[in-house]
Amino acid sequence: MIKTYIKIAWRNLLKNKAFSAINILGLAIGMAGALLIALWLQNMLGMDRFHEKSDRLYIISNRDEFQGEKSAWAYTPKIMAPSMATDFPDIEAFTRYDEGNQFLTTFGDKKIIAKTVFVDPGFFNMFSLPLVKGSNNIQFDGPKGLVLTESYAKALFGDEEPIGKSVKIDSVNQVTVQAVLKDLPSNSSFKFDILLPFAYAKTIGYVDDNWGNNSISTYILLKKGSSLSDFNTKIRTYSRDHINTVNRAEGNQSAKYTGEIFAFPFKDSFLYNSGKGGNYTSGRIDIVRLFVWIGIFILLVASINFMNLSTARSERRAKEVGVRKVVGANKMGLIIQFLTESILISMIGMILATVLVFIVLPFFNELVGKQLNLSLLNLWTWLFLIGFAVFTGILAGIYPAFFLSSFQPIKTLKGKFISKTKGLSVRSILVVIQFSLAIVLIIATVVVTKQIQYTKQRERGYNENGLLYSSLKGDLEKNYKLLRDELLASNAVVSVSKNMSPVTDMYSNGWGFTSGTPTEEDKRISYNRFSTDADAVKNLGLTLIQGRDIDIYKFATDSTALILNESAVKSLHLKNPINSIVDGDGTKWTVVGVVKDFIMGSPFGDNKPMVILGPQAWFTTIHYRLNTNRGIAENLKTIESIFKKFNPDYPFEYQFIDKTYEQKFKETKAIGTLSMVFAGLTIFISCLGLLALIAYMAETRMKEIAVRKVLGASVAQVTSLLSVDFIKLVIIAILIASPIAWWAMDKWLQDYSYRIQIQWHYFAIAGLMAILISMATISYQAIKAALSNPVDSLRDE
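Overview of the structure.

Observations concerning the overall build of the protein
Here is step 1 of the chain: Secondary structure assignment for the protein yields 25 helices and 22 strands.
Here is step 2 of the chain: Put simply, of all contacts in the protein between residues at least 6 apart along the chain, 79% involve residues at least 24 apart.
Here is step 3 of the chain: Within the structure as shown, the protein displays about 36,600 Å² of accessible surface, and the carbon and sulfur contribution to it stands at 57%.

Written out as structure tokens, the structure is:
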């Protein structure tokens, strides 16, 4: 029986080639879009869930309230993990994870910069990262052990055996390769080239015992049977108690820390990465939810398109149904027959969709920043594709199957097979749904684009033109004064400054900066930290409001000098800030200048109070501004020669500030681009559905059109007659989609402190686009019907 159904379905496909091609194309595009989203979301949802002990792995996080707002952050002090492991027997293993380090690794004549992470030996017991070479029980050989990824080992050693080889770190210390890990999978949030032990970090001064220095991640493995809620109750005040004990010991009775710590499941930490409100309930998971709905929208639109195309041919199938029923076919048999046709079309569509996915996947990977792949060598992939095709076929074909199988044989054989009003009403609703979904996506694209444009036009507060930075690596720190003098003398740059971080990124923040007689609330204000040796205002192009720049080379006392931004002046309640004394970080700072607020960190966030500290603070970055009277290439060549002179072992690396700033929009731009692409696909498929509906209307009103033409109706009048009802459907779709889109995008914008207000013309733009596209689609079929010969339609009368 099934074989017969398939044979009949195949014959119907071949008999109606144009209809079948449109149906297959519509479903293929919809399924391809849904497949791409499914691949991406599978990767996102699978992040960090492949570890065998993932159900017992946790990351320690802080929670506290600042200026009336609760927040959580997953950075902890370096001393916390070993201290907790001693005090809490629930902990089976622990590791600290200090990322963001880059060291020069040297083997023979090979010198490569490595993304380096410091970990404890427990790391290898906790996380499932397969070894390629070396012992499974990695314990690090004191501070001298080293573990590499497979790709990095290949780059450094070539075809040589890496185990036991000595590698020089930063041209100073020798370490020995103990193991080689398989390259990290794409669904791992860990990103590194080499792993070094914390024992090594201690030898180079990277480890401190400061309970207030939240600068690394702490992971723990709880013992089997341990209760997370009970454990969190035990550790809640652990960090607070240590900090307040230290404060009391130092005689600082007024500084009372109120924060708490808690363990959060590591497998959820990638998706739930926003600590707003003091809990991890949002973050990347919001993007996942958004694109789940977009995927559903696309598949639903493609299915509705199939329904419209199928039911538009109902008159041609009506007599077939009538004859089948007369010769004994029952309703269920007809339903199975029509579902077989839709599933067959869906199967063919899936083949085409898979081809489309392979074609566009490289571009999609670049857009989302992933290495996704669709492996056809995996049995589960085949089962998923077949199941997806069957599901789509049933979803798309269920309504046409019941609709066509319900025809009464007597009426169909007489040509009076169904109430046109009823049929038109259902299909009209489906088209309204299609266009409503498409318009929601169009409005979303407009809002995301406007938000990006609005933020890009925001006053940054510094001059990025011709401003570059390099990391302070190797011998640059000890040779900095000589480097600075030679750079300024070279005529390649006009200014230089040494700073805590790139001006685009905030590396440090904290509370405790006070002046005068602070209140308890004043002590809880968080300040962004920056630092400089000299000429930061001039070099970065900041706007000086009062006072002067910090310059340790002119003013020896500037080691404790301080520059405030406008927000910091307000937070410190300083009416005359210049020469005021500010307490912070255990130092009394003297305010020498005030600058306008400038963006540091997210361009979508509020301006925060900021302190620019003198050279008593730490440094990681050198900023320098190019001489615009010379060519960029010529300047860079000169600068490179100077850097190589004072730091010969390291390659010269630099970043343009404007390009670094542009990277901050990458994720938001990707969301906007994806919304635009999928909105375009949805509109395209919707237009196919609209084409089906106008074809149905023209088919069912053929004789009416012929009579009107015989009585003198013009082509324009007939076209208007067929078009006006469909434009009404699009307008209804606009009215339905607009409040839904406003609600969704207003909620999305809440994540941005610096954001646009949704304007009425965004909806006007989306509505006008939908109307113009639908009119273009309708006009073709309407004019075709209006130009038809009335004699052909009235011949049987």
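Next comes the rest of the description.
With respect to the nonpolar core
Here is step 1 of the chain: Grouped together as the largest cluster of nonpolar side chains are 106 residues, with contacts concentrated most on Trp40, Phe291, Phe364, Phe435, Ile439 and Phe598.
Here is step 2 of the chain: The greatest single-element share of this core, amounting to 15 residues, is contributed by helix H14 (residues 420-456).
Here is step 3 of the chain: In this structure, Ile59, Tyr97, Val147 and Phe192 belong to the second largest nonpolar core, which totals 26 residues.

Here's the deal with the environment of Ile433
Here is step 1 of the chain: Within the secondary structure, Ile433 sits in helix H14.
Here is step 2 of the chain: Its relative accessible area of 33% is what places Ile433 among the partly exposed residues.
Here is step 3 of the chain: For the pair Ile433 and Ile304, spaced 129 residues apart in sequence, the C-alpha to C-alpha distance is 8.5 Å.

A word on unusual backbone geometry
Here is step 1 of the chain: Positive phi is not limited to glycine here, since Asp535 has a value of about 60°.
Here is step 2 of the chain: Along the chain, Asp535 falls in the loop between strand E15 (526-531) and helix H17 (536-540).
Here is step 3 of the chain: Owing to a relative accessible area of 17%, Asp535 belongs among the buried residues under this scheme.
Here is step 4 of the chain: You will see that Asp585, though not glycine, has its phi angle at about 55°, which is positive.
Here is step 5 of the chain: Along the polypeptide, Asp585 turns up in the loop between strand E18 (581-584) and strand E19 (587-595).
Here is step 6 of the chain: Since its relative accessible area comes to 43%, Asp585 is described here as partly exposed.

Brief notes about the sheet that holds strand E13 (residues 493-499)
As a general point, the strands of a sheet are linked pairwise by backbone hydrogen bonds and lie either parallel or antiparallel.
Here is step 1 of the chain: In space, the four strands of this open sheet follow the order E13-E21-E12-E22, with antiparallel pairing throughout. The open sheet has two free edges, formed respectively by E13 and strand E22 (655-656), since each of these has just one partner strand.
Here is step 2 of the chain: Strand direction decides the pairing type here: strand E12 (residues 467-471) and E22, joined by two bridges, are antiparallel. Across the sheet, the residue bridging to Tyr469 is Gln655, located in E22.
Here is step 3 of the chain: Taken strand by strand, helix H19 (residues 632-646) contacts E12, E13, strand E21 (621-626) and E22, and its axis lies near 145° from that of E21.

A closer look at the packing of aromatic side chains
Here is step 1 of the chain: For the coordinates displayed, the defined rule picks out 39 aromatic pairs.
Here is step 2 of the chain: By the ring-pair criterion, three or more aromatic residues cluster together here, those being Tyr97, Phe123, Phe124, Phe127, Phe140, Phe190, Phe192, Tyr219 and Phe266.
Here is step 3 of the chain: One Lys or Arg, Lys498, reaches over the ring of Phe619 and ends 4.7 Å from the middle of that ring.
Here is step 4 of the chain: In this structure, Arg548 packs its charged tip against the face of Phe555, placed 3.9 Å from the ring centre.

What to know about helix H5 (residues 150-157)
Here is step 1 of the chain: Residues of H5 that are buried: Tyr152, Ala153, Leu156 and Phe157. Viewed end-on, H5 has its buried residues packed into an arc of 105°, placing them on one side of the element.
Here is step 2 of the chain: Residues of H5 that are buried sit in contact with strand E3 (91-107), strand E4 (110-119), strand E6 (145-149), strand E7 (166-169), strand E8 (173-181) and strand E9 (194-197).
Here is step 3 of the chain: Just downstream of H5, Gly158 is the residue with a positive phi angle, here 65°.

Things to note about the packing of helix H15 (residues 480-489) against H19
Here is step 1 of the chain: Orientation of H15 relative to H19, taken along the N-to-C sense of each, is 160°, at an axis distance of 10 Å. When the axes of H15 and H19 are compared, the pair comes out roughly antiparallel. Along this stretch, H15 crosses H19, giving a crossing that reads as right-handed. In this structure, H15 uses Leu482, Leu483, Glu486 and Leu487 to contact H19, whose residues at the interface are Ile639, Ile642, Phe643, Lys645 and Phe646.
Here is step 2 of the chain: Residues belonging to the contact of H15 with H19 are distributed by class as follows: seven nonpolar, no polar and two charged.

Remarks on a nonpolar patch on the surface
Here is step 1 of the chain: A surface patch of nonpolar side chains, amounting to about 720 Å² of accessible area, comprises Leu25, Ile351, Leu352, Val355, Ile359, Val360, Phe363 and Phe684.
Here is step 2 of the chain: If you tally residues by element for the nonpolar patch, the top one is helix H11 (residues 331-368), at six residues.
Here is step 3 of the chain: Mapping Ile359 onto the fold places it in helix H11.

A short note on the environment of Ser274
Here is step 1 of the chain: The topology assignment puts Ser274 in the loop between strand E11 (260-265) and helix H9 (284-312).
Here is step 2 of the chain: Since its relative accessible area comes to 19%, Ser274 is described here as buried.
Here is step 3 of the chain: With 202 residues separating them along the chain, Ser274 and Ala72 place their C-alpha atoms 7.8 Å apart.
Here is step 4 of the chain: The contacts of Ser274, once residues within four sequence positions are left out, are Asn279, Tyr280, Thr281, Ser282 and Gly283.

What counts and what doesn't
Residues numbered from 1 in each chain as written. Predicted model: local features only at pLDDT ≥ 70, side-chain atom pairs only at ≥ 80, totals over all residues. Heavy atoms only, no water. Helix = DSSP H or I, 4+ residues; strand = E, 2+ residues; numbered from the N terminus. Contact = heavy atoms within 4.5 Å. Areas by Shrake-Rupley, 256 points an atom, 1.4 Å probe, with all protein chains shown as cover. Core = buried A, V, L, I, M, F, W, Y, C linked by side-chain atoms within 4.5 Å. Buried < 20%, exposed > 50% of the residue type's maximum accessible area, 1.4 Å probe, protein only. Pairing = 2+ DSSP bridges. Axes fitted to C-alpha atoms, helices over the stretch in contact; angles between N-to-C directions. Phe/Tyr/Trp six-rings, centres within 6.5 Å; stacked < 30°, edge-to-face > 60°. Lys NZ or Arg CZ within 6 Å of the ring centre and 35° of its normal. Arc of directions from axis to C-beta. Parallel < 35°, antiparallel > 145°, perpendicular 65-115°, else oblique. Left-handed = near helix turned anticlockwise from the far one by under 90°. Nonpolar A, V, L, I, M, F, W, Y, C, P; charged D, E, K, R; others polar. Patch = residues over 30% accessible without salt bridge, like charges linked within 9 Å, V, L, I, M, F, W, Y side chains within 5 Å. Salt bridge = Lys/Arg side-chain N within 4 Å of Asp/Glu carboxyl O.

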